[in-house]
Amino acid sequence: MGAYALIPARSGSKGLLNKNILPIDGHPLIAYSIAFARKLAVERIIVSTDSEEYRGIALRYGAECPFLRGAEASGDLAQESEILADLTAKLPLHSVPLPDIWIWLKPVNPFRSIAAVEA
């Protein structure tokens, strides 16, 4: 299938409310990960979120968000494995085939390099 960029963006941040969509230089933080993903050799950019607001922002900046993340993958203690299980179960239900490779791009790191991701 190829590779998809995955941007996990849960809305329930405790330390800094809505940190994934806080504006930085006129754009929400998540927008920088979406823009970065466009520079990679990926077939799709998928945002996994539990928030309609976050979903709307992701779509506006050109990512896909076919569904909202389930409760098991959205809690304070949710692990990457729960997020991937949620995607594995639900993407095919939305006519999105699963990729061979997930490239995990956390929205709180807007200053990554392409070389670091490719390595």
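Description of the structure in this document. (Residues numbered from 1 in each chain as written. Predicted model: local features only at pLDDT ≥ 70, side-chain atom pairs only at ≥ 80, totals over all residues. Heavy atoms only, no water.)

**Concerning the overall build of the protein chain**
Thinking step 1. Of regular secondary structure, the protein chain possesses 4 helices and 5 strands.
Thinking step 2. The order of α-helices and β-strands along the protein chain, N terminus first, is β-β-β-α-β-α-α-β-α.
Thinking step 3. Across the 119 residues in the protein chain, those meeting the buried criterion constitute 39%.
Thinking step 4. Across the protein chain, the fraction of contacts at a sequence separation of at least 24, relative to all contacts at a separation of at least 6, is 64%.
Thinking step 5. Carbon and sulfur atoms make up 56% of the accessible area of the protein chain, which totals about 6500 Å².
Thinking step 6. Where the 12 positive side-chain charges of the protein chain centre and where its 13 negative ones centre are 4 Å apart. (Helix = DSSP H or I, 4+ residues; strand = E, 2+ residues; numbered from the N terminus. Buried < 20%, exposed > 50% of the residue type's maximum accessible area, 1.4 Å probe, protein only. Contact = heavy atoms within 4.5 Å. Areas by Shrake-Rupley, 256 points an atom, 1.4 Å probe, with all protein chains shown as cover. Lys, Arg positive; Asp, Glu negative; His and termini not counted. Charge placed at Lys NZ, Arg CZ, Asp CG, Glu CD.)

**Quick word on the environment of I83**
Thinking step 1. Note that I83 resides in helix α3 (residues 80-90).
Thinking step 2. Separated by 64 residues in sequence, I83 and K19 place their C-alpha atoms 19 Å apart.
Thinking step 3. Discounting chain neighbours no more than four positions away, the residues touching I83 are P8, S48, R69, A73 and W104.

**Observations concerning the nonpolar core**
Nonpolar side chains in soluble globular proteins tend to end up buried together.
Thinking step 1. If you look at the biggest cluster of nonpolar residues, it comprises 19 residues, and the most contacted ones within it are I7, I30, I34, V42, I45, V47 and L105.
Thinking step 2. Sorting the residues of this core by element identifies β1 (3-8), α1 (29-38), β4 (44-48) and α2 (52-60) as the ones contributing at least two each.
Thinking step 3. Among the elements that line this core, the one with the most residues is α1, at 4 residues.
Thinking step 4. Excluding anything up to four places from it in sequence, L105 contacts A5, L6, I7, P8, S33, F36, A37, L40, R112 and V117.
Thinking step 5. Ranked by size, the runner-up nonpolar core spans 9 residues in total, among them I46, F67, I83 and V96. (Core = buried A, V, L, I, M, F, W, Y, C linked by side-chain atoms within 4.5 Å.)

**Here's the deal with the pattern of salt bridges**
Thinking step 1. Evaluated as defined, the whole model comprises 2 salt bridges.
Thinking step 2. Residue E64 is joined to R44 by a salt bridge in which the shortest nitrogen-to-oxygen separation is 2.8 Å. Residue E64 is found in the loop between α2 and α3, and its partner R44 is found in strand β4; the two are separated by 20 residues along the sequence. (Salt bridge = Lys/Arg side-chain N within 4 Å of Asp/Glu carboxyl O.)

**Focus: the sheet that holds strand β5 (residues 101-104)**
Thinking step 1. Pairing is parallel in the open sheet, where 3 strands are placed in the order β4-β1-β5. Each edge of the open sheet carries a strand with a single partner, namely β4 and β5. The sheet shows a mean angle of 30 degrees between the axes of neighbouring strands, taken without regard to direction.
Thinking step 2. One ladder, built from 5 bridges, connects β1 with β4; its direction is parallel. Its bridge partner being in β4, A5 is matched across the sheet by I45. (Pairing = 2+ DSSP bridges. Axes fitted to C-alpha atoms, helices over the stretch in contact; angles between N-to-C directions.)

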